Amino acid sequence: MSYELIALLMFSSMMLLLLTGKRVFGAIGFVAAAAALLLWGDGGSEMAFSAAMKLMKWYPLLTLPMFVFMGYMLSESGIAEDLYKMFHVWMGPLPGGLAIGTIFLMVAISAMNGLSVAGMAIGASIALPELLRRGYDKIMITGVIQAGSSLGILIPPSVVLVLYGMIARQPVGQLWLAGAIPGLMMAGMFMLYIAIRCRLQPHLGPPLAQAEREQITWGEKLRLLSAGLVPVFIFFSMTGLFLMGYTSLVESSAVGAAAATLAALFKGRLSGKVMEETLRKTLAISCMFMWIILAALCFGAVFDGLGAVKAIEQFFVDSLHLGPWQILIIMQLSFILMGMFLDDTAMLVIVAPLYIPLVGALGFDLIWYGVLYTITCQIAYMTPPFGYNLFLMRAMAPPEVTLRDIYVSVIPFVVIMVLALTLVMVFPQLALWLPQLHYGG
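Remember, it's a predicted structure, so these values are computed and weren't measured experimentally.

Analysis parameters
Residues numbered from 1 in each chain as written. Predicted model: local features only at pLDDT ≥ 70, side-chain atom pairs only at ≥ 80, totals over all residues. Heavy atoms only, no water. Helix = DSSP H or I, 4+ residues; strand = E, 2+ residues; numbered from the N terminus. Buried < 20%, exposed > 50% of the residue type's maximum accessible area, 1.4 Å probe, protein only. Contact = heavy atoms within 4.5 Å. Areas by Shrake-Rupley, 256 points an atom, 1.4 Å probe, with all protein chains shown as cover. Expected span 1.5 Å × (residues − 1). Axes fitted to C-alpha atoms, helices over the stretch in contact; angles between N-to-C directions. Parallel < 35°, antiparallel > 145°, perpendicular 65-115°, else oblique. Left-handed = near helix turned anticlockwise from the far one by under 90°. Nonpolar A, V, L, I, M, F, W, Y, C, P; charged D, E, K, R; others polar. Patch = residues over 30% accessible without salt bridge, like charges linked within 9 Å, V, L, I, M, F, W, Y side chains within 5 Å. Salt bridge = Lys/Arg side-chain N within 4 Å of Asp/Glu carboxyl O. Core = buried A, V, L, I, M, F, W, Y, C linked by side-chain atoms within 4.5 Å. Phe/Tyr/Trp six-rings, centres within 6.5 Å; stacked < 30°, edge-to-face > 60°. Polar contact = N/O pair within 3.5 Å; in protein donor to acceptor, adjacent residues only side chain to side chain. pLDDT = per-residue confidence, 0-100.

**Some remarks on the overall build of the protein**
Next, step 1: Scanning the protein from terminus to terminus reveals 22 helices and zero strands.
Next, step 2: Looking at the protein as a whole, 54% of its 441 residues are labelled buried.
Next, step 3: Pairs at least 24 apart in sequence give 82% of the contacts found in the protein among residues at least 6 apart.
Next, step 4: Roughly 18700 Å² of accessible area belongs to the protein as shown, and the carbon and sulfur atoms make up 70% of that amount.

Given below as structure tokens:
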């Protein structure tokens, strides 16, 4: 059997196992281990062991549990809810102001947690009921929460970019800086769309009533401002220490985790229940990602050994006579297709052994491609019929928000994301300028 056929058999076997509903790491790890043993005998067992050692020695992985802990601590202790109240009071008088404030909230949650699920949970539980009660259009705000929560996998500290950095062997610090400008640009595009649409159609996002605004004193506004800025201060102090060179990446994550815990303590919200829930969720998420990375590294080692990446490159370039940009666009389209059925980590693990070496061979920057991959994941998350975010929203939304409402709500935001993806592809410096500025070269 040719190596190309073996690679195709491995890939199809993995996809078949994933369609049965098995755990992602179990399906990928099983195919990798079975292929290694069949191809190289007992010596193939060294591949999994080597992958495990590589994972355990990868120092930046320590940032993963630290940042996840920070996000859950701020969420479980109610500090994230303070942030929403601040945006509610200060942005409410504007047409569509509460929806714009919700995007601000999502950006802040993303900067705390790095996971889209956390933003979705907070947005659906805190922001959505309040926006519906204020008379906001249910279709528009459902889209706002889904689009805003997707920013969690792009704005640092993105957990998905940590995984990409591990698999692509790229520095996480550069990836995070590369995702910052595109992530904030996309958030700004969302806010601009909301502001223009609510200006043209005021009934979609009515401002707070004059009587209600008069009831809120300046003292109350300033109190909420100070309470809401606590998580923002934590993030910027942590990031500032890192960018100024006072702390390493891992040390800055420890600063963030410690600062979030101290903030909860000083506010009198650090109870035993909060600590238990935070630790339990942090442990669950961290272990899940470690198993996935381990399976991906093992699968990638077998693929490298087969020379499958070279065969795929020859197929695209020599057989189909495609140029580098045409191949890149096909890759992005395949991500969107897979995103209708899989989450971002599963997509990354499945295609990383194929795509990442190919992207490098085609002459593209792997830091820049990490941002493209992440934006494409955001689009795939919100693409019907089986987008990941669509079903998360269906599970968390109140009964009056139907599945049709959820599907319709994402259309304008998906268009904005495609526009943002196009801008980053056409102007790579949107992603590369900040890491080049900080790290040089």
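Additional details are given in the paragraphs that follow.
**A short note on the side chain of Asp 405**
Next, step 1: Residue position: Asp 405 is located in helix 20 (residues 403-409).
Next, step 2: Setting aside its immediate chain neighbours within four residues, Asp 405 contacts Lys 138, Ile 139 and Glu 400.

**Quick look at helix 5 (residues 79-91)**
Next, step 1: With 13 residues, helix 5 should cover 18 Å at 1.5 Å per step; its first-to-last C-alpha distance of 18 Å lies within 8% of that length.
Next, step 2: For helix 5, the tally of buried residues reaches ten of 13 residues, placing the bulk of the element in the interior.
Next, step 3: All of the buried residues along helix 5 are Ile 79, Ala 80, Asp 82, Leu 83, Tyr 84, Met 86, Phe 87, His 88, Val 89 and Met 91.

**Examining the environment of Ala 32**
Next, step 1: Within the element layout of this structure, Ala 32 appears in helix 2 (residues 24-40).
Next, step 2: Spatially, the C-alpha atoms of Ala 32 and Ala 295 are 7.6 Å apart, while their sequence positions differ by 263 residues.
Next, step 3: Leaving out residues up to four positions away in the same chain, Ala 32 has contacts with Cys 298, Phe 299 and Val 302.

**Overview of the packing of helix 9 (residues 159-168) against helix 18 (residues 366-381)**
When two helices pack together, their arrangement is given by the angle between the helix axes and by the axis-to-axis distance.
Next, step 1: Contact pair helix 9 / helix 18: the axes reach a minimum separation of 11 Å and the direction vectors enclose 140°. Taken together, the axis directions place helix 9 and helix 18 in an arrangement best described as oblique. For the element pair helix 9 and helix 18, the recorded crossing hand is right-handed. Of helix 18, the residues touching helix 9 (which contributes Val 160, Leu 161, Tyr 164 and Ala 168) are Leu 366, Tyr 369, Gly 370, Tyr 373 and Thr 374.
Next, step 2: The residue inventory of the contact of helix 9 with helix 18, partitioned by class, reads seven nonpolar, two polar and no charged.

**Considerations on a nonpolar patch on the surface**
Next, step 1: On the surface, Met 1, Leu 5, Leu 8 and Leu 9 cluster together to form a nonpolar patch covering roughly 450 Å² of accessible area.
Next, step 2: If you trace the backbone, Leu 8 turns up in helix 1 (residues 3-19).
Next, step 3: Accessibility expressed as a relative area gives 55% for Leu 8, which makes it exposed.

**Brief notes about the nonpolar core**
Next, step 1: If you look at the biggest cluster of nonpolar residues, it comprises 144 residues, and the most contacted ones within it are Tyr 164, Phe 190, Met 331, Trp 368 and Tyr 369.
Next, step 2: If sequence neighbours within four positions are ignored, Trp 368 has contacts with Trp 325, Leu 328, Val 424, Met 425, Pro 428, Ala 431 and Leu 432.

**Side note on the pattern of salt bridges**
Next, step 1: Counted under the stated rule, the structure contains three salt bridges.
Next, step 2: Asp 405 serves as the salt-bridge partner of Lys 138, at 3.1 Å between the closest nitrogen and oxygen. Of the two residues, Lys 138 is situated in helix 8 (residues 138-150) and Asp 405 in helix 20; the sequence distance between them amounts to 267 residues.
Next, step 3: A residue is classified by how much of its surface remains accessible, and Lys 138, at 30% relative accessible area, is partly exposed.
Next, step 4: The exposure class of Asp 405 is buried, given its relative accessible area of 6%.
Next, step 5: Across the pair Arg 280 and Glu 276 runs a salt bridge whose closest N-O atoms are separated by 2.8 Å. Here Glu 276 and Arg 280 lie together in helix 14 (residues 272-306), a separation of four residues that amounts to about one turn.
Next, step 6: On the basis of relative accessible area, Glu 276 is assigned to the partly exposed category, the value being 45%.

**What to know about unusual backbone geometry**
Next, step 1: Of note, the phi angle at Arg 169 is positive, near 60°, even though the residue is not glycine.
Next, step 2: Mapping Arg 169 onto the fold places it in the loop between helix 9 and helix 10 (172-200).

**Some words on the packing of aromatic side chains**
Next, step 1: Counting across every chain of the model gives six aromatic pairs.
Next, step 2: With 5.2 Å between their ring centres and 75° between their planes, Trp 325 and Phe 364 make a pair best called edge-to-face. Separated by 39 residues along the polypeptide, Trp 325 in helix 16 (residues 324-339) and Phe 364 in the loop between helix 17 (344-361) and helix 18 bring together distant segments of the chain.
Next, step 3: Exposure remark for Phe 364: the relative accessible area of 13% places this residue in the buried category.
Next, step 4: Every member of this aromatic cluster is reached through a ring pair, and the members are Phe 190, Tyr 193 and Phe 413.

**Here's the deal with the side chain of Thr 102**
Next, step 1: With respect to the helices, strands and loops of the structure, Thr 102 is situated in helix 6 (residues 97-113).
Next, step 2: From its side chain, Thr 102 meets the backbone oxygen of Leu 98 in a polar contact 2.8 Å long.
Next, step 3: When near neighbours in sequence (up to four residues on either side) are disregarded, Thr 102 contacts Tyr 84, Ala 127, Leu 131, Val 144 and Ile 145.

**Comments concerning the environment of Gln 201**
Next, step 1: Residue position: Gln 201 is located in the loop between helix 10 and helix 11 (210-215).
Next, step 2: Put simply, Gln 201 and Gly 96 are 105 residues apart on the chain and 9.7 Å apart in space, counted from C-alpha to C-alpha.

**Things to note about helix 4 (residues 63-76)**
Next, step 1: The terminal C-alpha atoms of helix 4 lie 20 Å apart, and with 14 residues this matches the ideal 20 Å at 1.5 Å per residue to within 8%.
Next, step 2: The element helix 4 is largely enclosed, with a buried count of ten among its 14 residues.
Next, step 3: Of all the residues in helix 4, the buried ones are Thr 63, Leu 64, Phe 67, Val 68, Phe 69, Met 70, Gly 71, Tyr 72, Met 73 and Leu 74.

**Some details on the confidence of the model for the protein**
Should pLDDT be low for a region, the predicted coordinates there are not to be read in detail.
Next, step 1: Per-residue confidence for the protein averages 80 on the pLDDT scale, and 88% of its residues sit at or above 70.
Next, step 2: Mean pLDDT in the protein bottoms out at helix 15 (residues 308-319), which sits at 65, and peaks at helix 21 (residues 411-426), which reaches 93.

**Focus: the environment of Arg 280**
Next, step 1: Residue Arg 280 is classed as partly exposed on the basis of its relative accessible area of 44%.
Next, step 2: Through-space distance from the C-alpha of Arg 280 to that of Phe 69 is 9.5 Å; in sequence the pair is 211 residues apart.

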